[in-house]
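Topology and contacts: notes
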Amino acid sequence: MDVLAIFLALGLLILVAYRGYPVILFAPVFALLAAVLSGLPLLPTYTEVFMVKAVNYIKLYFPIFLLGAVFGKVMEYSGAAHSIAKGITRSIGKNQAMLAIVLTCGILTYGGVSLFVVAFAVYPFAAALFREADIPKRLIPATIALGAFTFTMDSLPGTPQIQNIIPTSYYQTTAFAAPVIGSIGGGLIVIAGLWWLNRRKNKLIHKGEGYGEHSLNEPEPMNEGALPPVWLSFVPLLLVLVGNAVFTYWVLPDWYPESLLEQYEGLNIKTVLGIWSLIIALVLGIVSAIFIRLVYHRKEDHEEKSTHKQTLSTVITSGVAGSLLAIMNTASEVGFGNVIATMPGFKTVADFLLTMKTSPLISEALSINILAGITGSASGGMSIALDTMGSKYLEWAMATGLNPELLHRIASMSAGGMDTLPHNGAVITLLAICGLTHRESYPDIFAITVIKTLVIPLVIVITLLTGWV
């Protein structure tokens, strides 16, 4: 009954998310339903587990959501997003619009920019690029997901995303673990993902579907004559990318003396360094995008004031409103996953998955993938699995002669597989940013998810046959 309660809650949440109902409301409803069916007290579970975990998530990441949303909006408002879209279209042709989005997302995430920030920042110029090439808008979320949620999130060696960092503390490895296998897996994901997206694009266009008429969160058409040059339009993106790395590795680690930080009880500089760095980098990106707008749209801004069109204040307000919906959706998902993780049935599922008698790589891949799917979180599912069995996987690997770096890479890649089910916070946020629904766009996101998941056993087979690291 305890296990059934978990899968009932998960199935209901996936169903309502797919049908467009607000996860903010239904995530706690179904989490508490599972809690009651498992014999846990209703109100304490809500206030002391669901709300505590949701609020802690907001505390940590609200500045990133807020500034990321504003950054995306001012990139659109400045004309930089549209200028980049036009420049890419001229350089590589309309037929390569999806490749351009995948590469842009990949560069940003591999540089350390948060997945959520990438979605906010890239969407405006993705929409402009797809409209320019007359590609169906419904394919934008899957294209962004391929670029930001897959190969640069956990496959390529050295990526600074959290999914690639968590295993280092369990296996005494580095972010560059198993570089050959990670690169092969990342390459397979990109090739298969682009094949799927181009196949879908050609099929939809053959049926007569173009970009389509959309009104929800649709970027404003720009004055072509006032667009900034492409090289200047990339400056805000580069400031975020480079600024994040500079402040993370060179500026902030020694910025504040330890004597000054001692007054903040429980503060660990290592846990907030990435957030602090990204906050500063996003502020730099926002300021530079606003400056571009002031330089290239001064006359247009004067005309807009007299006709009550879009202004800087309305753009920032729109970004703030969008960030609130995104953070609340994701925090609600985090609360749901943590309620599920406290249930007796979850321990039963975890114990079953983590004690299978097979290769440590296969057991680890299955365990993390399924736990990530249940919790709707790549980092959450991986953390639960490695907390429980990380040391045993390491012993098992050493006994069979497997390099711990392989455990690291398979763990990272497995976390980013089935985590992107319909109830995943990143998926819900991405669809909200794009102004699309699960019904319109999720099937293609799921195809990317399946591709990512199927590449993992293929990589394991290559690993076992060749012994490459």
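Residues numbered from 1 in each chain as written. Predicted model: local features only at pLDDT ≥ 70, side-chain atom pairs only at ≥ 80, totals over all residues. Heavy atoms only, no water.

1. A closer look at the overall build of the chain
Along its length, the chain carries 23 helices and 0 strands. Compactness check: the chain gives a C-alpha radius of gyration of 22 Å against a globular reference of 23 Å for 469 residues, within 12% of the reference. Viewed in the frame of its principal axes, the chain has a C-alpha envelope of about 70 × 50 × 50 Å. Relative to its full complement of 469 residues, the chain shows a buried share of 54%. Intrachain contacts of the chain at a sequence separation of at least 6 include 83% that bridge at least 24 residues. (Helix = DSSP H or I, 4+ residues; strand = E, 2+ residues; numbered from the N terminus. Rg over C-alpha atoms; globule rule 2.2 N^0.38 Å. Buried < 20%, exposed > 50% of the residue type's maximum accessible area, 1.4 Å probe, protein only. Contact = heavy atoms within 4.5 Å.)

2. Notes on the UniProt feature "transmembrane region" (unreviewed entry) in the chain
Feature annotation in UniProt assigns "transmembrane region" (unreviewed entry) to the following positions: residues 29-46, 58-77, 97-126, 176-197, 230-252, 272-296 and 445-468. Between the end C-alpha atoms of residues 58-77 the distance is 27 Å, and the span holds 100% helix and 0% strand. Taken end to end, residues 272-296 is 100% helix and 0% strand, and its two terminal C-alpha atoms sit 37 Å from one another. (UniProt positions renumbered as here; feature names shortened; annotations may be inferred.)

3. A word on the environment of A127
By the element assignment, A127 lies in helix α6 (residues 115-133). Of the residues examined, A127 reaches a relative accessible area of 0% and is grouped as buried. Each C-alpha atom of the pair A127 and S414 lies 30 Å from the other, and the pair is 287 residues apart in sequence. When sequence neighbours within four positions are dropped, the list of residues in contact with A127 reads I140, Y211 and P219.

4. A look at the pattern of salt bridges
Considering all chains together, one arrives at 5 salt bridges under this definition. One salt bridge connects E209 with R138, and the closest N-O pair in it is separated by 3.1 Å. With E209 in the loop between α11 (179-206) and α12 (230-233) and R138 in the loop between α6 and α7 (140-148), the pair connects residues that are 71 residues apart, well separated along the chain. E209 gets classed as partly exposed once you look at its relative accessible area, which sits at 26%. Across the pair D154 and K452 runs a salt bridge, and its minimum N-O distance is 3.1 Å. Of this pair, D154 sits in helix α8 (residues 151-155) while K452 sits in helix α23 (residues 438-466), and the two are 298 residues apart along the sequence. By the burial criterion, D154 is buried, and K452 matches it. (Salt bridge = Lys/Arg side-chain N within 4 Å of Asp/Glu carboxyl O.)

5. Some thoughts on the side chain of K73
Among the secondary structure elements, K73 is positioned in helix α3 (residues 42-78). Although K73 lies buried, it forms no salt bridge, and the closest oppositely charged side chain, E76, sits 4.1 Å away as judged by the N-O distance. Polar side-chain contacts of K73 include one of 2.8 Å to the side chain of N217. Sequence-distant contacts of K73, defined by excluding residues within four places in its chain, comprise N217, V315, S318 and G319. (Lys, Arg positive; Asp, Glu negative; His and termini not counted. Polar contact = N/O pair within 3.5 Å; in protein donor to acceptor, adjacent residues only side chain to side chain.)

6. Side note on the packing of helix α5 (residues 97-110) against α11
How two helices pack is summed up by the angle between their axes together with the distance between the axes. Relative to each other, α5 and α11 sit at 145°, their axes nearing to 10 Å. By crossing handedness, the relation of α5 to α11 is classed as right-handed. Where α5 abuts α11, its residues M98, L99 and V102 lie against L194, L197, N198 and K201. Per-class residue counts for the contact of α5 with α11 are 5 nonpolar, 1 polar and 1 charged. (Axes fitted to C-alpha atoms, helices over the stretch in contact; angles between N-to-C directions. Left-handed = near helix turned anticlockwise from the far one by under 90°. Nonpolar A, V, L, I, M, F, W, Y, C, P; charged D, E, K, R; others polar.)

7. Re the packing of aromatic side chains
In this structure the tally under the stated criterion is 12 aromatic pairs. Measuring from ring centre to ring centre gives 6.4 Å for Y57 and F65, while their planes differ by 70°; the resulting arrangement is edge-to-face. Each member of the pair Y57 and F65 is classed as buried. On the basis of an interplanar angle of 40° and a centroid distance of 4.6 Å, the ring pair of F65 and F116 is categorised as tilted. One end of the pair, F65, is in helix α3; the other, F116, is in helix α6, and 51 residues separate them in sequence. (Phe/Tyr/Trp six-rings, centres within 6.5 Å; stacked < 30°, edge-to-face > 60°.)

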